[in-house]
Amino acid sequence: LDALKSHFALMQEFLDSQSRVLGGFAPPPALVPGEMPIAAPAATAVPVLPLIDSNQPNPHHFPLLGRVIEQSASKLVCERTYDSDLDLFLQDHAIGSRPTDRQPHLLPLTVIPFTFSMEILAEAACLLTGNQLKVIGVDSSRGHHWLGLDDGRLPLRIVAEKLPSTQPDFQRVSVRLFQTTEAGPKTGVLVFEGQVLLAEKYPQPPAVRPWTATQDFPARNNPDGELYSHGMFHGPRLQGVTSIRRWADEAIEADMITIPTHDYFSFTTTPKFRIDSALLDAAGQLAGYWLTEKHTWGFNCFPYHLGHYTQYGPPPPPGTKMICRGDVRMSDELRIEAHFDLFDDSGRLLFRAANWDDRKFSVPQHLYDFRLDPQVRFMSEDWLPDAMAARGQFLRRLQPFEEGFMDQGWGVWKRMLANLVLSAEERRVFYRELPTTGPRREDWLIGRVAAKDAVRSWALATHGIKLAPADVVIMTGTRGEPIVVRADGLPPSVPLPAISISHSRRWAVGICAAGGSRLGADYQHLDRVDAADLIAGAFSEAETAAFLRALPQAQQKRAAVALWCAKEAAGKAAGTGLEARPQDWRITDAVLERRGAAPASAVVHHGGIDYRVELQIGDSEVFAVCRAPGDASVAALAATA
């Protein structure tokens, strides 16, 4: 019952967090009468320009579009799979540092920048309208989902449709991006949309917005040379900010430079962009810099809406020095609203971004620090070191995140953590086999984090070898038990260690010891435990009489939880679990108080075998660990995983 209540509470918090973010989003546009679904046959076909597939000639003209699957005078449908090995600029928009140097193909979570989604819209509008008009703006750009390449690839369907226009030299095109999956609807799920404005000429630029703030502070948290070293996740291809000139309570101004694009793709060195997405992204970065100047590092913000983008000239050539000035404010505790002007040294306005909205996230410090250096830092704490070290056991405990945090932003933090700690094999399990919502995926992930940290502690203490979390590969054995099947960086002569994982109240613990036999561990918090129900279901009358009934009522719950943990640990060490028959695992002896140097302990008998369990019994939690008797080889177990 408690588990069920916890599940529904987590789901409610998830829905609430989604509602808070989506509150600023307009609903997807409804189909107007007579509108055809995306998969409908095209109307009168017009020739398809042979320049939108990276495998066809001249891919540099429309590098972000892909394959045309439908085209008429008023509608265009393309399909494109974005790939971090092809779209190299995405490697510089990854949330977190490289997971491990031993597996260079593993990347942190790469995300298509908001402004590059706008470029996709612009390219589609240009192709639909004959590629003769200039992009002068994009209205109502709105992200409905982070466009993350969870496993290095992201398939999108791009749908562009002309909107009515009475001016022959002006066009307005609605473009929507749909993420397609095997399990989802054929047309995909709407993830981004906007309206592209095209004309024969660029509009005349107005005057640059003035600096109206009464304050004028120099950068304190973002000095020159350190702009991208504290918390921003932009690599060299997207590092357009060169210096924070000044900031105020509701304003910021910075020096910028346009960035070469010859190395943005693996299939062309001369991509043609309709807007300078990198420069526009750099302008958006100022919202983050303003937030860290006004407060401190430890926050992140991501754009989800841009009301009006107006372009007054073509993208400037690489190396052009620019200035960006913005008015910025917190519209509420979770949203940042900004207006940016970007202009050259002469004061000529190049583009204006009005009504730019970011969602602010407060990131727990240990996750924030871990993201910056996942190969060295630990997410978990070293727990009970004095009790464990003497027996060669390494125990790590990971405290829970605030309930609902990992599901914020469409699970962006959960996905980020997964890509920082998981190997390629483990990522396939995480993304393809575990449910995207609810507690199971989060429990699985934090359990792996704790166990990997335990293995890292063991490798460093016993062999002097530093391992990154992604170097340690944990898979599931034939009976559901976690097994270390590989540890990159560990010499082949070193047997793989034994591990065990346990969860309670969204906490996770992982324990590791040298290989040789199975290891079983169980961890339980004492709160919300109904002692009477536990005793009635888990123990025989003989066990209750021998170990529980004589205890004062206040001690019965703690003793019952400790003996239950002993049974769970023994079942895991046996490799079978309790198989839903806890009374078949009999407590034959128990010492529930430490005696000198000897810890509390219990003996669990099952199948003719005695399992000796060590207990750590605290005021609010209990931990039990058991090594299976015999010599079951961990290497042999790994081979069956």
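Refer to the preceding data block for the structure.
Along every chain, residues carry numbers that run from 1 in the direction the sequence is written. Side-chain atom pairs in this predicted model are given and counted only at pLDDT of 80 or more, local residue features only at pLDDT of at least 70, and totals for whole chains, interfaces and linings cover all residues. Side-chain metrics rest on all non-hydrogen atoms present in the structure, leaving aside hydrogens and water.

Visitor: I keep staring at the pattern of salt bridges and nothing clicks. Help me out?
Guide: Two side chains of opposite charge can pair, provided their charged atoms sit close to one another. By definition, a salt bridge exists where a carboxyl oxygen of Asp or Glu is found within 4 Å of a side-chain nitrogen of Lys or Arg. Per the counting criterion, the structure on display carries 38 salt bridges. Arg 102 is paired through a salt bridge with Asp 471; the nearest N and O atoms lie 2.6 Å apart. Separated by 369 residues along the polypeptide, Arg 102 in the loop between β3 (94-95) and β4 (109-111) and Asp 471 in the loop between α8 (439-463) and β18 (472-476) bring together distant segments of the chain. Under the scheme applied here, a residue whose accessible area is under 20% of the maximum for its type counts as buried, over 50% as exposed, and between as partly exposed, the area being computed with a 1.4 Å probe on protein chains only. According to the relative accessible area criterion, Asp 471 is buried, its value standing at 1%. Note on conventions: DSSP H or I runs of at least 4 residues are helices, E runs of at least 2 residues are strands, and numbering of each starts at the N terminus.

Visitor: Looking at this model, I keep getting lost on the nonpolar core. Mind explaining?
Guide: Soluble globular proteins tend to bury their nonpolar side chains together. Buried Ala, Val, Leu, Ile, Met, Phe, Trp, Tyr and Cys residues that are joined via side-chain atoms within 4.5 Å together make up what is termed a nonpolar core. Core analysis: the biggest nonpolar cluster contains 112 residues, and Val 241, Met 256, Leu 286, Tyr 289, Trp 413 and Leu 417 have the highest contact counts within it. Examining the composition of this core, we find that eleven residues originate from one element, helix α2 (residues 114-128), more than from any other. Every residue pair with non-hydrogen atoms within 4.5 Å of one another is taken to be in contact. Leaving out residues up to four positions away in the same chain, Trp 413 has contacts with Ile 95, Asn 300, Phe 302, Phe 361, Val 363, Phe 405, Met 406 and Gln 408. One finds Leu 534, Phe 547, Ala 570 and Leu 615 within the second-largest nonpolar core, a separate group that totals 33 residues.

Visitor: Hey, could you run me through the sheet that holds β4 in this one?
Guide: Backbone-to-backbone hydrogen bonds pair the strands of a sheet. The strands run either parallel or antiparallel. Judged by pairing direction, the sheet is antiparallel, and its three strands sit side by side in the order β3-β4-β6 without closing on themselves. Unpaired on one side and paired on the other, β3 and β6 (148-149) mark the two borders of the sheet. In this sheet, β4 lies alongside β3 in antiparallel orientation, the contact comprising two bridges. The residue bridging Ala 94 from the neighbouring strand is Thr 110, located in β4. If DSSP finds at least two bridges between two strands, the strands pair.

Visitor: What is the right way to look at empty space enclosed by the protein in this model?
Guide: Which parts of space are left empty comes out when a probe the size of a water molecule is rolled across the atoms. Note on definitions: the grid is 1 Å and covers protein atoms alone; a cavity is a set of points where a 1.4 Å probe fits but cannot get out; a pocket is an open set with protein on both sides within 12 Å along at least five of seven lines; lining residues have an atom within 4 Å of a point. Grid points are joined across faces, edges and corners, and a volume is the space filled by probe spheres set on the points. Tallied over the entire structure, the rule returns three cavities of 30 Å³ or more. In this model, the largest cavity occupies a volume close to 430 Å³. In this structure, the largest cavity is lined by 33 residues; those nearest its centre are His 93, Phe 233, Cys 301, Phe 302 and Pro 303. Of all elements in the fold, only α2, α3 (277-294), β12 (299-311), β15 (349-362) and α6 (408-421) reach the threshold of two or more residues within the lining of the largest cavity.

Visitor: I tried to follow the pairing of strand β25 (residues 609-617) on my own but got confused; where do I start?
Guide: Looking down a regular strand, the side chains alternate between one sheet face and the other. Two strands pair when backbone bridges link them, and strand β24 (residues 600-606) and β25 are joined in this way by seven bridges, in the antiparallel orientation. Paired with Ala 600 across the two strands is Leu 615, which belongs to β25. The turn linking β24 back onto β25 is made up of two residues, and Gly 607 within it adopts a positive phi angle of 60°. Direction of pairing for β25 relative to strand β26 (residues 621-627): antiparallel, over a ladder of five bridges.

Visitor: Explanation requested: the environment of Thr 180 in the structure shown.
Guide: Note on placement: Thr 180 falls in the loop between β8 (170-179) and β9 (189-199). Measuring from C-alpha to C-alpha, the distance between Thr 180 and Pro 155 comes to 5.8 Å, with 25 residues separating the pair along the chain. Apart from the residues lying within four places of it in its own chain, the contact partners of Thr 180 are Pro 155, Leu 156, Arg 157, Thr 187 and Gly 188.

Visitor: Help me out: how do you make sense of the sheet that holds β26 in this one?
Guide: Pairing within the open sheet is antiparallel, and its five strands lie in the order β22-β26-β25-β24-β23. Of all strands in the sheet, those with a lone pairing partner are β22 (519-525) and β23 (586-591), marking the two edges. The average angle at which neighbouring strand axes cross in this sheet is 20°, direction not considered. Across seven bridges, β22 lies against β26 in antiparallel orientation. Looking at the pairing, His 525 lines up with Glu 621 of β26. Here an axis means a line fitted to C-alpha atoms, over the contact stretch when the element is a helix, while the angle between two N-to-C directions is reported on a 0 to 180 degree scale. This element, helix α11 (residues 553-574), spans β22, β23, β24, β25 and β26 of the sheet and lies at about 150° to β22.

Visitor: How should the side chain of Arg 246 be read in this particular structure?
Guide: When you line up the elements, Arg 246 lands in strand β10 (residues 241-248). Whenever two N or O atoms come within 3.5 Å, that pair is a polar contact, provided that in protein one can donate a hydrogen and the other can accept it, and provided that, for residues adjacent in sequence, both atoms are side-chain atoms. At 3.3 Å, the side chain of Arg 246 forms a polar contact with the side chain of Asp 216. Here Arg 246 is in contact with Trp 211, Asp 216, Phe 217, Ile 252, Glu 253 and Arg 325, once residues within four sequence places are set aside.

Visitor: I keep staring at unusual backbone geometry and nothing clicks. Help me out?
Guide: Where the residue is not glycine, phi is negative for most of them; where a peptide bond is considered, it is trans in most cases. Its identity as a non-glycine residue notwithstanding, Asn 355 has a phi of 60°, on the positive side. Examined against the element boundaries, Asn 355 turns out to sit in strand β15. The residue Arg 505 is not glycine, and still its phi comes out positive at about 55°. By the element assignment, Arg 505 lies in the loop between β20 (498-504) and β21 (507-513). Since its relative accessible area comes to 30%, Arg 505 is described here as partly exposed.

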